[in-house]
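# Observations on the three-dimensional arrangement
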Amino acid sequence: MPVWLTACLIGFVVGSLAEYWGHRAMHTVLLKKKHAEHHRDNDGQGWFWEFVDYVVGAGFLLPVGFIHSWEAGWGFAAGGLSYAAFAAYSHQLQHEFPELCFWMIRPCHAIHHDNHMWKTNFGIGIDVWDRVFGTYQKVPWQRPDRPFSLLRMFRIKWI
Ligand SMILES: [Zn+2]
Ligand SMILES: [Zn+2]
């Protein structure tokens, strides 16, 4: 496998870890007030601004690959940014149309909000790290009574 592709995959995984631990930290030490407001509003700020928040929060990790080489540097940064874009989409989708989050058995972030969870279900794009680190909480989820629509996946608030 070429170096840039390996670095890109590592960047993607590191992005998912940054999301998990970043969100978990918001429930203990980091930006607690701002995050509590987000829980109170229970509303997504739109894909673009969510993406900006992730890049501002975890952007310090993006240049890490350059320690190895230029190729690894660009690959890692691309992987990290791709994860941030995906997580921002997943966040917005779960705030608007959680039933369309087909890649998780239950929409982890929607459940985190619906049940005012403060210690569990920190995953936004994926729920894998909650399962690994023991914070996955399985609760019944009431699927919104709406017909499935593929088009709606593109009708989220983008900005
Ligand atoms: Zn939260
Ligand atoms: Zn949220």
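Residues numbered from 1 in each chain as written. Chains lettered and ligands numbered in written order. Predicted model: local features only at pLDDT ≥ 70, side-chain atom pairs only at ≥ 80, totals over all residues. Heavy atoms only, no water.

Here the focus is the pattern of salt bridges. As enumerated under the stated definition, the model contains four salt bridges in all. With its nearest N and O atoms 3.4 Å apart, the salt bridge here joins lysine 34 to aspartate 53. Residue lysine 34 is located in helix α2 (residues 32-41), and its partner aspartate 53 is located in helix α3 (residues 47-58); the two are separated by 19 residues in the primary sequence. By relative accessible area, aspartate 53 is classed as partly exposed at 32%. Between arginine 152 and glutamate 99 there is a salt bridge, with its nearest N and O atoms 3.9 Å apart. In this pair, arginine 152 is assigned in the segment after α6 (128-133) and glutamate 99 in the loop between α4 (70-96) and α5 (108-114), connecting sequence segments 53 residues apart. The pair formed by arginine 152 and glutamate 99 is uniform in burial state, with each residue classed as buried. In the salt-bridge network here, residues are joined through shared partners; they are Glu99, Arg146 and Arg152. (Salt bridge = Lys/Arg side-chain N within 4 Å of Asp/Glu carboxyl O. Helix = DSSP H or I, 4+ residues; strand = E, 2+ residues; numbered from the N terminus. Buried < 20%, exposed > 50% of the residue type's maximum accessible area, 1.4 Å probe, protein only.)

Once that is clear, we can look at the coordination of the zinc ion (ligand 1). Every protein donor of the zinc ion (ligand 1) is accounted for by His23 (NE2), His27 (NE2), His35 (NE2), His39 (NE2) and His112 (NE2), and the metal-donor separations fall at 2.1 to 2.2 Å. Along the chain, the residues donating to the zinc ion (ligand 1) are arranged with the sequence spacing H-x3-H-x7-H-x3-H-x72-H. One end of the pair, histidine 23, is in helix α1 (residues 3-26); the other, histidine 39, is in helix α2, with 16 residues separating them in the sequence. Taken as a pair, histidine 23 and histidine 39 share a single burial class, namely buried. (Donors = N, O, S within 2.8 Å, 3.2 Å for Na, K, Ca; no water.)

A few words on the packing of aromatic side chains. Inspection of every chain in the model, using the stated rule, returns 17 aromatic pairs. Note on tyrosine 83 and phenylalanine 86: the rings are 5.6 Å apart at their centroids and 70° apart in plane angle, and the pair reads as edge-to-face. Of the two residues, tyrosine 83 and phenylalanine 86 both sit in helix α4, three residues apart, roughly one turn of that helix. Relative accessible area serves as the criterion here: at 24%, phenylalanine 86 is assigned to the partly exposed category. One aromatic cluster is present, built from ring pairs that chain together Phe12, Tyr83, Phe86, Phe102 and Trp103. If you follow arginine 131 out to its NZ or CZ, it ends over the ring of tyrosine 136, 4.0 Å from the centre. The ring centre of phenylalanine 97 lies 5.7 Å from the NZ or CZ of arginine 152, which sits over that ring. (Phe/Tyr/Trp six-rings, centres within 6.5 Å; stacked < 30°, edge-to-face > 60°. Lys NZ or Arg CZ within 6 Å of the ring centre and 35° of its normal.)

In this section: α2. Buried within α2 we find His35, His38 and His39. Viewed along the axis of α2, the buried residues span an arc of 100°, placing them on a single side of the element. Summarising the geometry of α2, the exposed residues directed more than 90 degrees from the buried face are Lys33, Lys34, Arg40 and Asp41. Those residues of α2 that are buried lie in contact with α1, α4 and α5. (Arc of directions from axis to C-beta. Contact = heavy atoms within 4.5 Å.)

So, about the packing of α3 against α4. Two elements in contact, α3 and α4, have axes separated by 8 Å at closest approach and are oriented at 135°. Accordingly, the angle class assigned to the pair α3 and α4 is oblique. Crossing hand, α3 versus α4: right-handed. From α3, Trp47, Glu50, Phe51, Tyr54 and Val55 reach across to α4, where they touch Leu81, Ala84, Ala85, Ala87, Ala88, Tyr89, His91 and Gln92. A breakdown of the residues in the contact of α3 with α4 according to their chemical character gives 10 nonpolar, two polar and one charged. (Axes fitted to C-alpha atoms, helices over the stretch in contact; angles between N-to-C directions. Parallel < 35°, antiparallel > 145°, perpendicular 65-115°, else oblique. Left-handed = near helix turned anticlockwise from the far one by under 90°. Nonpolar A, V, L, I, M, F, W, Y, C, P; charged D, E, K, R; others polar.)

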